[in-house]
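Below are the chains, spelled out letter by letter.
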Amino acid sequence: MRTYPRLFVGGEWCEPSTAETIEVVEAHSEEVIARVPSAGPADVDRAVAAGRRAFDETDWPRLPIGDRIDAVRRIVDGFAERAEELARTISSENGAPIGFSRLGQVAAPIDIMNSMIDVAAGTAWEERRTGRYVDYLVRREPVGVVGAIVAWNVPQVLIATKLAPALLSGCTAIVKAAPEASVDAMMLAEIIEAADLPRGAVSVLTGGAEAGRAMVEHPGIDKISFTGSSAAGREIGARCGSSLKRVSLELGGKSAAVVLDDADLETLAKGLRFASFVNNGQACAAQTRILAPRSTYDEVVDAVAGSADSLRVGNPLDPSTKMGPLVSRRQRDRVRDYIAGGRRDGARLVTGGVDAPPGQTTGWFVQPTVFADVVNTMEIAQEEIFGPVVCVIPYDDEPDAVRLANASRYGLAGSVWTSDADRGLRVARSVRTGTFGINGYAPDPLAPFGGYKESGIGREWGSFGLEEYIELKAINGIPT
Ligand code: NAD
């Protein structure tokens, strides 16, 4: 078991202000694998003071972009050196299959940071423009001290997505990890320490919602960038609104995969292994409502069930595992309750619905589960379950499919499956979500990522994500 007695605040390891600790429990063995401090409001105060000093009193925000790029590159290098250790740690924490962790939990954050470096290198930080009356400079200046609060499902993806653009634009940052993913956060703190950034440029706090709330309320923080549930996002958005603090929110989803009557069902079955079940279904963009035409309904149900049944469930550290346990007992129980609710509401259980695979005595497992004959208004079709549970919902025609896809309070992602590119694009253009895929779902770190409706406010990745950490300044009337 690893014990971290201190917090990484303002560039050094400090005694926490409280004696409270968080026990990190392995999803597969249910054993405590680490103990970390649970940061309190006084630790947040200290981290904000350090972030403010680095922002207000050092030249960090005004360094040439090349220097900040070098700093982020040093983080990337440190991250890459510990790639396998990070992948195994995250799989232990949240149950992600190791094959996915190596790519989606570790290679992806590296890719995101490198992509953001390229974007920053190509950004016009100060440009001269001719207006209607005067010539002016447009300057891109950092927003200030950033509070980054993240979820546990893809912890380092979420941190990299916020930390890289924050640092590249000249902000300083306080990262608050999710309790379940505290160990990889401590590893990141070690990597940042070794990257030799200016003191206070980054603090990493482990702690719960109380620490997050203290950040949201803190007058020394200029911007909150949050990824987590819509429930917490709503509260954070309201609190930031009352102090006019800048805020970005990346929240939940209940995305639809629209299967057209000309879809290749083998492609669908293969594609849903990622689009619906990636990371054990613990993915904000998971396509958990499969909309199927009545004309091929039974075949689509078979294809979706085949996709679910093809996933080998087991120890996430075993390379042959395609689906591991859920992150916690609480999450497993939540998912179980939704499955029971689906049955009560009259949905037909096609496969799954049981817990551990045979022989598995520990771990918070839920077998990949498919419900058919689901009505879009049922709880299992409207609530984000955040586990390996999908619903197959019948539709009449293409407009009905689009109507059903949009009949959700979320708007994060989606996909369409068809042999006809034009039909696919037509559906893609009609669904009100921030991202969409055709015959698959493949996020790209240069394309904007974010949600419509209750899935969030703002966009991450690429130039769109960098802009979230920038204030635009116009200096008017410059000499010609
Ligand atoms: P959560 O909202 O419970 O917690 C997320 C983080 O916020 C944690 O660090 C937590 O300690 C902190 N927190 C909780 N309440 C807070 C509050 N009131 N004020 C400040 N901080 C608070 O979410 P979770 O269960 O950890 O994560 C799952 C959710 O995250 C799902 O809804 C999922 O869809 C969403 N998510 C969204 C994206 C996206 O990009 N849109 C990506 C990953 C996860």
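Residues numbered from 1 in each chain as written. Predicted model: local features only at pLDDT ≥ 70, side-chain atom pairs only at ≥ 80, totals over all residues. Heavy atoms only, no water.

Let us now look at helix H9 (residues 265-275). Of all the positions in H9, only Leu268, Ala269, Gly271, Leu272 and Ala275 are classed as buried. Looking at the buried side of H9, the elements it contacts are strand S13 (255-259), strand S14 (287-293), helix H10 (297-309) and strand S19 (414-417). (Buried < 20%, exposed > 50% of the residue type's maximum accessible area, 1.4 Å probe, protein only. Helix = DSSP H or I, 4+ residues; strand = E, 2+ residues; numbered from the N terminus. Contact = heavy atoms within 4.5 Å.)

Before going further, it helps to examine the sheet that holds strand S6 (residues 126-130). Sheet architecture is open: three strands sit in the order S6-S7-S23, paired in antiparallel fashion. Among the strands making up the open sheet, the edge pair consists of S6 and strand S23 (470-476). Neighbour-to-neighbour, the strand axes of this sheet turn through a mean angle of 25 degrees, independent of strand direction. In terms of strand pairing, strand S7 (residues 135-142) meets S23 through seven bridges, oriented antiparallel. Opposite Tyr136, over in S23, you have Asn476 as the bridge partner. (Pairing = 2+ DSSP bridges. Axes fitted to C-alpha atoms, helices over the stretch in contact; angles between N-to-C directions.)

Take the packing of aromatic side chains next. By the definition in use, this model includes three aromatic pairs. Here the aromatic rings of Phe8 and Trp13 are separated by 5.3 Å at their centres, their planes lie at 55 degrees, and the arrangement is tilted. Given the relative accessible area of 2%, Phe8 is considered buried. Taking relative accessible area as the criterion, Trp13 reaches 23% and is therefore assigned partly exposed. Pairing Phe449 with Trp461 gives two aromatic rings, centres 5.0 Å apart and planes at 40 degrees, and the pair type is tilted. Of this pair, Phe449 sits in the loop between strand S20 (437-438) and strand S21 (452-453) while Trp461 is found in the loop between strand S22 (456-457) and helix H15 (462-467), placing the two residues twelve residues apart along the sequence. A relative accessible area of 12% places Phe449 in the buried class. Above the face of the Trp125 ring, Arg68 is positioned so that its terminal group lies 6.0 Å from the ring centre. Taking NZ or CZ as reference, Lys223 lies 5.3 Å from the ring centre of Tyr469, over its face. (Phe/Tyr/Trp six-rings, centres within 6.5 Å; stacked < 30°, edge-to-face > 60°. Lys NZ or Arg CZ within 6 Å of the ring centre and 35° of its normal.)

Further remarks concern the nonpolar core. With 114 residues, the main nonpolar core has Leu163, Ile192, Leu197, Ile224, Ile290, Val304 and Val392 as its most contacted residues. Among the elements that line this core, the one with the most residues is helix H4 (residues 98-121), at ten residues. There are two domains that each give this core at least three residues, and those are domain 1 (2-251 + 455-476) and domain 2 (255-443). When neighbours within four sequence positions are excluded, Ile192 is seen to be in contact with Phe8, Ile75, Leu163, Leu197, Val202 and Val204. Counting 27 residues, the second largest nonpolar core, distinct from the first, contains Leu291, Val366, Ile385 and Ala405. (Core = buried A, V, L, I, M, F, W, Y, C linked by side-chain atoms within 4.5 Å. Domains from an automatic or database assignment.)

This paragraph deals with the environment of Thr161. Tracing the chain through its elements places Thr161 in helix H5 (residues 155-169). On the accessibility criterion, Thr161 (3% relative accessible area) is buried. Through-space distance from the C-alpha of Thr161 to that of Pro109 is 7.3 Å; in sequence the pair is 52 residues apart. When near neighbours in sequence (up to four residues on either side) are disregarded, Thr161 contacts Ile112, Glu460 and Trp461. At 2.6 Å, the side chain of Thr161 and the backbone oxygen of Val157 are in polar contact. A distance of 2.9 Å separates a polar atom in the side chain of Thr161 from a polar atom in the side chain of Trp461. (Polar contact = N/O pair within 3.5 Å; in protein donor to acceptor, adjacent residues only side chain to side chain.)

A separate point is the sheet that holds strand S5 (residues 32-37). The sheet built from three strands is open, its strands ordered S1-S5-S4 with mixed pairing. With one partner strand each, in any of the chains shown, strand S1 (2-3) and strand S4 (21-25) form the two edges of the open sheet. Along the sheet face, helix H3 (residues 83-94) touches S1, S4 and S5 and points at about 95 degrees away from the line of S4. Helix H6 (residues 182-194) rests against S1, S4 and S5 of the sheet, and its axis sits at about 60 degrees to S5.

The first and last C-alpha atoms of H3 sit 17 Å apart over twelve residues, in line with the 16 Å expected at 1.5 Å per residue. Buried residues of H3: Leu86, Ala87, Thr89, Ile90, Ser91, Ser92, Glu93 and Asn94, and no others. Trailing H3 by a residue or two, Gly95 shows a phi angle of about 85 degrees, which is positive. (Expected span 1.5 Å × (residues − 1).)

Annotation of the protein chain at the domain level lists domain 1 (2-251 + 455-476) and domain 2 (255-443). A separation of 31 Å is found between the C-alpha centroids of domain 1 and domain 2. Counting from both sides, the interface comprises 27 residues of domain 1 and, opposite them, 33 residues of domain 2. For the pair domain 1 and domain 2, the two sides together bury roughly 2,200 Å², of which 58% comes from carbon and sulfur. (Buried area = accessible area lost by both parts, 1.4 Å probe.)

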